[in-house]
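# Structural overview for review
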Amino acid sequence: MNYSSAIHLYWMIDTVTGLQLTQGFYGNTKFQYTYLEEMKKHNGINNYLSQITFRKNIYKNWLFYEINSGVNFHIEHDYEPNYKFLIKLDAFFGKE
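For the structure given in this document, a descriptive report is provided here.

Turning our eyes to something else, we now look at the sheet that holds strand 1 (residues 2-14). The strand order across the open sheet built from five strands is 1-2-3-4-5, with neighbouring strands paired in antiparallel fashion. If you trace the sheet from one side to the other, it starts and ends with strand 1 and strand 5 (81-91), each paired once. Within the sheet, the average angular offset between the axes of one strand and its neighbour, ignoring direction, is 15 degrees. Relative to strand 3 (residues 38-59), strand 2 (residues 17-35) runs antiparallel, the two sharing 17 bridges. Within strand 3, the residue paired with Gln 20 across the bridge is Thr 53.

In structure tokens:
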């Protein structure tokens, strides 16, 4: 069985800019992974995640850019930090 939980905090800085903070974890009752060429089984939380996301509208109501930076601590890397940085262009097509 897999389980997860996350807390998201959102702030609207102004009408076209937003900020999101995320704190979460992932786990399961029988996680199987390879560590130093040895197959191991784990019961419990296997990944912790912290990230911040900045999102801004840059053209009309439908074009946005997003910058996401975070760190996660996964059991496969012996809970050492793994960093991520993501830049995304997002287009919204639909009714408001």
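Let us look at the pattern of salt bridges. Per the stated rule, a full pass over the model turns up three salt bridges. A salt bridge links Glu 66 to Arg 55, with the shortest nitrogen-to-oxygen separation between them at 3.0 Å. Of this pair, Glu 66 sits in strand 4 (residues 63-74) while Arg 55 sits in strand 3; the two residues are 11 residues apart in sequence, bridging distant segments of the chain. With a relative accessible area of 13%, Glu 66 lands in the buried category.

Parameters at a glance
Residues numbered from 1 in each chain as written. Predicted model: local features only at pLDDT ≥ 70, side-chain atom pairs only at ≥ 80, totals over all residues. Heavy atoms only, no water. Pairing = 2+ DSSP bridges. Helix = DSSP H or I, 4+ residues; strand = E, 2+ residues; numbered from the N terminus. Axes fitted to C-alpha atoms, helices over the stretch in contact; angles between N-to-C directions. Salt bridge = Lys/Arg side-chain N within 4 Å of Asp/Glu carboxyl O. Buried < 20%, exposed > 50% of the residue type's maximum accessible area, 1.4 Å probe, protein only.

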